[in-house]
Amino acid sequence: MSPAADAATRTARRSTRFVTWVRAWRAGLVPFDELADEIAADEEHLVADAPGTWTDVPLGQGLPIFAKLHPDEIRLVLPVPGDPRGLPGPGELTGAAMLAGEAVMTPGFGVVPEVRRHTSGSGVEFSTVLWRVHPAPEHRAVFQMGAAEAEAQLTAALGEATARLTKLDVAQWKPELAGALQALRRPESTETLPPGFDPRSRRLFARASVLDQVLALAGSNAPGGAVNGYEAQQRDEALRPLTAACRQALVAACNSPLQP
């Protein structure tokens, strides 16, 4: 399965679930016993290279490394080539996070998901997610926009992208993309955040999560599709600002201050 198709079949990026539930736990809003199940959903999750461990351990055994951190010290990062904001300088952690396109950062370490594909003897495909811990001594979080600014930026970018795609007549050669972007003006999403996040952050996260999946599908061309190289280039240029705004929206929502 391609990265784009994989992203589109998940309800959210794995790091968004990880960081929001761990932050809610550190704020005293959810019990530790619920964390591993909420983060993993229906996948198998392990932790590698956690301090005090000698082998990969189940997710629940690796989460205590966050036990002494304040919720605001646990941050979502969604880097892309040319925009590594939130990561330390060049090194193993930054390289892994750039490859994954996501990471969870703290003042002392970062955690990056590695997805391993498996096929059972009966031919069933499934995944194991390995959260690898990388040291990041004295790492400091960078400034990020708040949820209100990110929401305004996302709305503006969505309107601009929709207008550009209409001019490109995207509905003729990519009707599912045009329809999905129009539907996002009135989003109906089941994506939720754990307790502690305010209504604006919840609304922003729901909208950005759906859009993130739409953009993942938009970046993949079905075999035999009608889109040609020129059309793909025009589509990508139209969606680039929207993709950036979507990433910023997810980061702003997941890193927003928690309420009791």
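For clarity, every value in this text was computed on a predicted model and none was experimentally measured.

### Section: the packing of aromatic side chains
Each aromatic ring pair is summarised here by two numbers: the centre-to-centre distance and the angle between the ring planes.
Right, on to step 1. Within the structure shown, the criterion is met by 4 aromatic pairs.
Right, on to step 2. Centre to centre, the rings of Phe 18 and Trp 131 are 4.4 Å apart; their planes meet at 45°, and the pair counts as tilted. Taken together, the positions of Phe 18 in helix α2 (residues 14-26) and Trp 131 in strand β6 (residues 125-135) put the pair 113 residues apart, joining distant regions of the chain.
Right, on to step 3. Residue classification places Trp 131 among the buried positions, given a relative accessible area of 0%.
Right, on to step 4. Between Phe 66 and Phe 109, the aromatic rings sit 5.2 Å apart at their centres with planes inclined by 70°, giving edge-to-face as the arrangement. Of this pair, Phe 66 sits in the loop between α4 (59-62) and β3 (75-77) while Phe 109 sits in strand β5 (residues 109-119), and the two are 43 residues apart along the sequence. Neither Phe 66 nor Phe 109 differs from the other in exposure class; each is buried.
Right, on to step 5. Taken together, the ring pairs in this structure connect Phe 18, Phe 66, Phe 109 and Trp 131 into an aromatic cluster.
Right, on to step 6. For Arg 26, the ring lying beneath its charged end belongs to Trp 25, and the centroid distance is 5.0 Å.

### Considering the environment of Ala 206
Right, on to step 1. Position of Ala 206 among the secondary structure elements: in helix α9 (residues 199-218).
Right, on to step 2. We classify Ala 206 as buried; its relative accessible area is 12%.
Right, on to step 3. Between the alpha carbons of Ala 206 and Thr 192 there is a distance of 6.6 Å; along the sequence they are 14 residues apart.

### So, the side chain of Arg 23
Right, on to step 1. For Arg 23, the location among the structural elements is in helix α2.
Right, on to step 2. In this structure the side chain of Arg 23 is engaged in a polar contact, spanning 2.9 Å, whose partner is the backbone oxygen of Pro 71.
Right, on to step 3. With residues near it in sequence (within four places) discarded, Arg 23 still touches Pro 71, Asp 72, Ile 74, Phe 197, Cys 254, Asn 255, Ser 256, Pro 257 and Leu 258.

### Quick look at the nonpolar core
Right, on to step 1. Among the nonpolar cores identified, the biggest contains 53 residues, and Phe 18, Phe 66, Leu 154 and Leu 242 are the most heavily contacted of them.
Right, on to step 2. If you list the elements that add at least two residues to this core, you get α2, α3 (32-40), β5, β6, α6 (147-167), α9 and α10 (229-254).
Right, on to step 3. Broken down by element, the residue count for this core peaks at 11 residues, all from α10.
Right, on to step 4. For this core, the two domains that each supply at least three residues are domain 1 (3-136) and domain 2 (147-255).
Right, on to step 5. When residues no more than four places from it in sequence are discounted, the contact partners of Phe 66 are Phe 18, Val 22, Trp 25, Arg 26, Ile 74, Val 104, Thr 106, Phe 109 and Val 111.

### Comments concerning the pairing of strand β1 (residues 44-48)
Right, on to step 1. Counting buried positions over the 5 residues of β1 gives 4, a clear majority of the element.
Right, on to step 2. Bridge count for β1 against β6 is 5 bridges, and the pairing is parallel. Bridge pairing links Leu 46 to Leu 130 in β6.

### Some points on the pattern of salt bridges
Right, on to step 1. Under the defined criterion, the tally for this structure stands at 10 salt bridges.
Right, on to step 2. A salt bridge links Glu 151 to Arg 200, with the nearest nitrogen and oxygen atoms 2.6 Å apart. One end of the pair, Glu 151, is in helix α6; the other, Arg 200, is in helix α9, and 49 residues separate them in sequence.
Right, on to step 3. The exposure class of Arg 200 is partly exposed, given its relative accessible area of 35%.

### Overview of the sheet that holds β3
Right, on to step 1. The sheet built from 6 strands is open, its strands ordered β2-β1-β6-β5-β4-β3 with mixed pairing. Two strands bound the open sheet, and with one partner strand each, they are β2 (57-58) and β3.
Right, on to step 2. Of the strand pairs in this sheet, β3 and strand β4 (residues 103-105) are connected by 3 bridges, and their pairing is antiparallel. What sits directly across from Leu 76, in β4, is Val 104.
Right, on to step 3. Across the sheet, helix α5 (residues 92-100) is in contact with β4, β5 and β6; its angle to β5 comes to roughly 50°.

What counts and what doesn't
- Residues numbered from 1 in each chain as written.
- Predicted model: local features only at pLDDT ≥ 70, side-chain atom pairs only at ≥ 80, totals over all residues.
- Heavy atoms only, no water.
- Phe/Tyr/Trp six-rings, centres within 6.5 Å; stacked < 30°, edge-to-face > 60°.
- Helix = DSSP H or I, 4+ residues; strand = E, 2+ residues; numbered from the N terminus.
- Buried < 20%, exposed > 50% of the residue type's maximum accessible area, 1.4 Å probe, protein only.
- Lys NZ or Arg CZ within 6 Å of the ring centre and 35° of its normal.
- Polar contact = N/O pair within 3.5 Å; in protein donor to acceptor, adjacent residues only side chain to side chain.
- Contact = heavy atoms within 4.5 Å.
- Core = buried A, V, L, I, M, F, W, Y, C linked by side-chain atoms within 4.5 Å.
- Domains from an automatic or database assignment.
- Pairing = 2+ DSSP bridges.
- Salt bridge = Lys/Arg side-chain N within 4 Å of Asp/Glu carboxyl O.
- Axes fitted to C-alpha atoms, helices over the stretch in contact; angles between N-to-C directions.

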